[in-house]
Amino acid sequence: MHGLINRAVERFARDTYGDAFWRSVADDAGLLFSSFEAMLTYERGVTDRVVNALSDALGKQREEVLEDLGTYLVASPKTDALRRLLRFGGTDFVEFVNSLDELPARVRLAVPDLPMPHIELKEDDPDRFSVVIKSRPGTEGLFAHVLSGLLRAMADDYGALVFLDLNKDEDGTDVIDVCLLDVDFAEARNFELGVQSG
């Protein structure tokens with residue numbers, strides 16, 4: 001598994017629950033080091049052990065922890081660069097959702113070897129979408145839940161009220177059903193395309 005994925009899990013645990021909590025999780029996961037290197041590759045089992053140890057420590061289901069990670073990636077001030085990258089996907093939540101199938105290609109421009117899933121968007125009607133996530137081998141069960149949390153946080157970021165439901169289709173492929181209830185439910189978080197100089 002790419003080190004950036006493991007590093008994101010580590011940063012989520014450290015920033016949300018503290019360094020001592022992370023060290024305890026790392027010990028429970030049997031890590032022989034205290035921090036992941038972002039550009040190294042780790043066996044999938046390492047990632048699974050860390051997520052499972054984090055889940056046990058929090059008393060939450062693994063899927064809940066991964067969704068919380070997706071929310072953290074958007075909502076935390078420490079990950080604002082990712083939030084800004086995602087906001088370039090559209091001026092409102094509908095435009096953002098419509099750009100999701102381009103997300104893996106955009107990520108590969110920055111990190112060519114990050115194992116992003118194939119994402120396909122189906123528009124059922126103007127307010128209902130299906131996001132189909134076809135994971136790459138070795139990453140099954142990770143991205144769909146992270147993406148679900150990320151979508152929930154991005155809806156909040158845009159001020160939209162949405163209902164999300166993660167299921168599997170008849171082939172076992174992960175599908176997030178997105179129902180847009182109100183595109184202007186709340187005030188969106190501030191975002192400017194250009195960065196002010198000086």
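Scroll up to find the structure.
The following refers to the structure shown. All figures in this text were calculated on a predicted structure; none of them were measured in a lab. (Residues numbered from 1 in each chain as written. Predicted model: local features only at pLDDT ≥ 70, side-chain atom pairs only at ≥ 80, totals over all residues. Heavy atoms only, no water.)

## Describing the overall build of the protein
Put simply, the rule is: Helix and strand assignments follow DSSP, with helices taken as H or I runs no shorter than four residues and strands as E runs no shorter than two, numbered in order from the N terminus. We take the radius of gyration over the C-alpha atoms and set the globule estimate at 2.2 Å times the residue count to the 0.38 power. Only heavy atoms enter the contact rule, under which two residues are in contact if any of them lie within 4.5 Å. Lys and Arg are tallied as positive, Asp and Glu as negative. Neither His nor the chain termini are counted. In plain terms, the charge of a residue is placed at NZ if it is Lys, CZ if Arg, CG if Asp and CD if Glu.
Helix and strand counts for the protein stand at eight helices and four strands. Reading the protein from its N terminus to its C terminus gives the helix and strand order α-α-α-α-α-α-α-β-β-α-β-β. In terms of C-alpha radius of gyration, the protein reaches 17 Å, essentially the compact-globule figure of 16 Å for 198 residues. Seen through its C-alpha atoms, the protein measures out along the principal axes to roughly 55 × 50 × 35 Å. Counted over contacts in the protein with a minimum sequence separation of 6, partners at least 24 positions apart contribute 60%. Taken as two groups, the 21 positive and 37 negative side-chain charges of the protein have centres that lie 6 Å from each other.

## Examining the environment of Phe-88
Positionally, Phe-88 belongs in the loop between α5 (80–87) and α6 (93–98). As for Phe-88 and Ser-99, which are separated by 11 residues in sequence, their C-alpha atoms are 9.3 Å apart.

## Here's the deal with the packing of helix α1 (residues 3–17) against helix α4 (residues 62–75)
Heads up, the condition is: Angular values range over 0 to 180 degrees, each being the angle between N-to-C directions of two axes fitted as lines to C-alpha atoms, with helices fitted over their stretch in contact. The scheme is simple: roughly parallel for angles under 35 degrees, roughly antiparallel for over 145, roughly perpendicular for 65 to 115, oblique for anything else. By the convention adopted, Pro, Cys, Tyr, Trp, Phe, Met, Ile, Leu, Val and Ala count as nonpolar, Lys, Arg, Asp and Glu as charged, and the other residues, Gly among them, as polar.
Interaxial distance between α1 and α4 falls to 10 Å at its minimum, and their mutual angle equals 80 degrees. Between α1 and α4, the interaxial angle falls into the category roughly perpendicular. Here Ala-8, Val-9, Arg-11, Phe-12, Asp-15 and Thr-16 of α1 come into contact with α4, specifically with Val-65, Asp-68, Leu-69, Tyr-72 and Leu-73. Here the residues of the contact of α1 with α4 sort into seven nonpolar, one polar and three charged.

## A look at the packing of aromatic side chains
For clarity, the threshold we go by: Here the aromatic set is Phe, Tyr and Trp, taking the six-membered ring for Trp, and pairing holds for ring centres within 6.5 Å; pairs whose planes are under 30 degrees apart are stacked, those over 60 apart are edge-to-face, and all others are tilted. Burial status follows relative accessibility: with a 1.4 Å probe on protein chains alone, a residue under 20% of its type maximum counts as buried, one over 50% as exposed, and anything between as partly exposed.
The full count for this structure, using the stated rule, is 10 aromatic pairs. Between Phe-93 and Tyr-158 the ring centres are 6.3 Å apart and the planes differ by 65 degrees, which places this aromatic pair in the edge-to-face class. Of the two residues, Phe-93 sits in helix α6 while Tyr-158 sits in helix α8 (residues 143–158), which places them 65 residues apart along the sequence. On the basis of relative accessibility, which here comes to 1%, the residue Phe-93 falls in the buried class. Taken together, the aromatic side chains of Phe-12, Tyr-17, Phe-21 and Tyr-72 make up a single cluster linked through ring pairs.

## A few points about the pairing of strand β3 (residues 161–168)
Counted only if it meets this: In this analysis, strands are considered paired if DSSP registers two or more bridges between them.
In this structure, β3 lies alongside strand β4 (residues 174–182), joined through eight bridges in antiparallel fashion. Along β4, the bridge assignment pairs Leu-166 with Ile-176. Remark: five residues form the turn of the hairpin made by β3 and β4, two consecutive strands paired antiparallel; Gly-172 in that turn has positive phi of roughly 85 degrees.

## Looking at the nonpolar core
Let me state the cut-off plainly: What makes a nonpolar core is a set of buried Ala, Val, Leu, Ile, Met, Phe, Trp, Tyr and Cys residues whose side-chain atoms join them at distances within 4.5 Å.
Counting residues in each nonpolar core, the largest one holds 57 residues, and the members touching the most others are Phe-93, Phe-96, Val-131 and Leu-151. The dominant element in this core, judged by the number of residues it contributes, is α8, at 10 residues. Discounting residues that sit within four places of it in the chain, Leu-151 has contacts with Phe-93, Phe-96, Leu-100, Leu-164, Ile-176 and Val-178.

## Side note on helix α7 (residues 103–110)
The test is simple: The directions considered for the arc run from the helix axis to the C-beta atoms.
Residues of α7 that are buried include every one of Leu-103, Pro-104 and Val-107, and no others. Buried positions in α7, seen along its axis, are confined to an arc of 95 degrees and lie on one side of it. Looking at the buried residues of α7, the elements they touch are α5 and β1 (118–125).

## Here's the deal with the layout of surface pockets
Test applied: Only protein atoms enter the 1 Å grid used here, on which a cavity is any set of points holding a 1.4 Å probe that cannot leave and a pocket is any open set flanked by protein within 12 Å on both sides along at least five of seven lines; residues with an atom within 4 Å of a point are listed as lining. Grid points are joined across faces, edges and corners, and a volume is the space filled by probe spheres set on the points.
Its boundaries defined by the atoms lining it, the largest pocket holds a volume of some 810 Å³. What lines the largest pocket is a set of 32 residues, and nearest its centre among them are Ala-8, Leu-73, Leu-82, Leu-114 and Met-116. Elements with a contribution of two residues or more to the lining of the largest pocket: α1, α3 (44–58), α4, α5, α7 and α8. In terms of residues, the lining of the largest pocket owes the most to one element, α1, which gives six residues. Its residues assigned to classes, the lining of the largest pocket comprises 27 nonpolar, two polar and three charged.

Worth remembering: the numbers are spatial, not functional.
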